[in-house]
Amino acid sequence: MARSRCEVAIVGYAQSQTYRHASVPIGALTVETCLRAIADAGLKKEQIDGFTTGSILPSAGGRTPVDGIDIVTSNWIAEQLRIHARWLGGFQGAGQIPGSVILAANAVASGAADYVLVHRALSNPQGRYHENPMTRAGGASQWMAPQGFWGPPAMMALSYMEYMQRYGATREDMGRVVVELRKHGARIPWSYWYRNPLTLEAYLDARMIADPICVFDCDIPIDGAVAFIFTSAERAKDHPHKPVYVAGHAQGNLLEPESMWSLDHAQQAAPLTGRDLWKSSGLRREDIDLPELYDGFSPIVYLWLEALGYCGRGEAHLFLREQKDLTRFFSSGGSLGNGRMHGVPPMLECYLQLSGRAGERQIANVKTGLACHSHPHYGGVVAYSSERL
Amino acid sequence: MTAEKPLPLPDAISQGFWDAASRHVLVIQRCGHCGTLAHPPRVVCANCLAPVPSWTFQPVSGRGRIRTWTVMRQSFLPGFKADVPYVIVEAELEEQKGLRVLARLVDGPQAAFKAGSPVETVFEDAAEGFAIPHFKLAEA
């Protein structure tokens, strides 16, 4: 078990409205959201002494992203808020939400900072997301772009097609997942899809992007920002809202170069992330009330179910067919039900439900949750608890 | 102006692949220590961890079987927008289990194929000094 288990807690948050394109730069939306999170925790901005985030993406037109306009780094936030930080960290990998939370939790646990602000800002760039006018393709792209193969939807399509062919999963199976996510997203006021659920018929009729991936298997790019305040379990007692503790965490990494989208590699490496999570948290799968899965592309849901041991290899669609109620996996609405907020919805849902702040969406008697992000063999997962374990 | 299709930008470990492709020969990187084939070319052998200087490029049959595919209905590369829909396959070459190569299937989305269908390599002369390998359905 990790020595830091339940030594660090979330004591406040704020989430912005989401927009296809906000009328203000993403930096402005993020500063406003950070100030609201600081106030929500009952703090003054001068008390924040640590910052971290993961700021990769968006990509469009092959342009270099501009801080405050396209992306928002922690340094930029500290500058704008005019706060001297004792600790500034930045996460470089793909699972930015668990990655940032793990940095923040360990910074607090080690005493590097007392109050860490973790934010995430996502923006929808001008032009088309992932479009790239390159005329020469170097590095990994030399094996893809000269063939006309480019962009994450097509990469996901290859491994999802392989999963369907190998294990007999159908588009109807995935349709049920996406409809469930949109049902929950339609109940979340800041969601891009608020009051806009999806029917299975509409899913099956949707425009295809790269077979078997349709437009509703991809999260829609939006502008949005979120911020959370982390502090020690000791200090957390003195804040206005019920703390939610970081109970454990795990991250994945590739064991083969360029193998992020390989089904074989995912199935080989993903269970290591699950194993590390149970070891770090001391929890078992049966202890988890809200295992909130990541769904930035819908097929990633299957990989998390395998990684966490809810089913065996290639059995995720069969496991889901057997579930009468899918709420506990998807109540966050995910990225498909909120818009492209990457790993934010599962984390925010864990916080809101475990602190009792989910309002009319509150689920009774939930004490533990998991917030997954990215692929299990590439991103990470954090376990949260409403009680100090 | 018609958008250009991207050409490969060879590097220190891929130059040999593209040089051979320009002569319409498919080559695959082979570890000099243990004989393991690797594609795309890599810096360290996955099998024996031997580094770059031991690698050579070995001509291969170009024959393999489709493992997975997608039909591209939209393209994020402007030069390919007029070509949609087109098929991209990952085929496992007959020389080694798990040795996969990604390429366009020139037969297109109307052709009858499935996982396991046999393919062979064909080359498209894309520009002076550059040929791009693609797959074509083959007799079983």
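Residues numbered from 1 in each chain as written. Chains lettered and ligands numbered in written order. Predicted model: local features only at pLDDT ≥ 70, side-chain atom pairs only at ≥ 80, totals over all residues. Heavy atoms only, no water.

1. Digging into the packing of aromatic side chains
Residues and elements named next belong to chain A.
- Counting across every chain of the model gives 15 aromatic pairs over all chains.
- Site record: aromatic cluster; members linked through ring pairs are Tyr310, Phe319, Phe329 and Phe330.
- When the ring centre of Tyr115 is taken as origin, the NZ or CZ atom of Arg235, which lies over that ring, is 5.7 Å away.
- If you follow Arg285 out to its NZ or CZ, it ends over the ring of Tyr310, 5.8 Å from the centre. (Phe/Tyr/Trp six-rings, centres within 6.5 Å; stacked < 30°, edge-to-face > 60°. Lys NZ or Arg CZ within 6 Å of the ring centre and 35° of its normal.)

2. What about a nonpolar patch on the surface?
All names here are of chain B.
- A cluster of nonpolar residues, Val43, Val44 and Leu49, forms a patch on the protein surface that exposes about 270 Å² of accessible area.
- Along the chain, the position of Leu49 falls in the loop between strand E3 (37-38) and strand E4 (55-59).
- Residue Leu49 is classed as exposed on the basis of its relative accessible area, which comes to 62%. (Patch = residues over 30% accessible without salt bridge, like charges linked within 9 Å, V, L, I, M, F, W, Y side chains within 5 Å. Areas by Shrake-Rupley, 256 points an atom, 1.4 Å probe, with all protein chains shown as cover. Salt bridge = Lys/Arg side-chain N within 4 Å of Asp/Glu carboxyl O. Helix = DSSP H or I, 4+ residues; strand = E, 2+ residues; numbered from the N terminus. Buried < 20%, exposed > 50% of the residue type's maximum accessible area, 1.4 Å probe, protein only.)

3. Describing the pattern of salt bridges
- Within the structure shown, the criterion is met by 27 salt bridges over all chains.
- Measuring nitrogen to oxygen at the nearest pair gives 3.5 Å for the salt bridge that ties Glu46 of chain A to Lys45 of chain A.
- Since its relative accessible area comes to 28%, Lys45 of chain A is described here as partly exposed.
- Arg100 of chain B is the salt-bridge partner of Glu90 of chain B, the closest N and O atoms lying 2.7 Å from each other. Separated by 10 residues along the polypeptide, Glu90 of chain B in strand E6 (residues 86-93) and Arg100 of chain B in strand E7 (residues 100-105) bring together distant segments of the chain.
- Via salt bridges that share partners, Glu162, Arg166 and Asp264 of chain A together with Glu90 and Arg100 of chain B belong to a single interconnected network.

4. What about the pairing of strand E2 (residues 50-53) of chain A?
All names here are of chain A.
- On E2, burial covers both faces: Gly50 and Thr52 on one face and Phe51 and Thr53 on the other are all buried.
- Pairing between E2 and strand E3 (residues 87-90): four bridges, direction parallel. Among the inter-strand pairings, Phe51 is bridged to a residue of E3, identified as Leu88.
- With three bridges joining them, E2 and strand E4 (residues 116-122) adopt parallel strand pairing. Bridging across to E4, Thr52 finds its partner in Val118. (Pairing = 2+ DSSP bridges.)

5. Examining the sheet that holds E4 of chain B
Residues and elements named next belong to chain B.
- Here three strands make up an open sheet; going across it, the order is E3-E2-E4 and the pairing antiparallel. The strands lining the two open edges of the sheet, one partner per strand, are E3 and E4.
- Where strand E2 (residues 27-31) lies against E4, five bridges are found, and the strand directions are antiparallel. Looking across to E4, one finds that Cys31 is bridged to Trp55.

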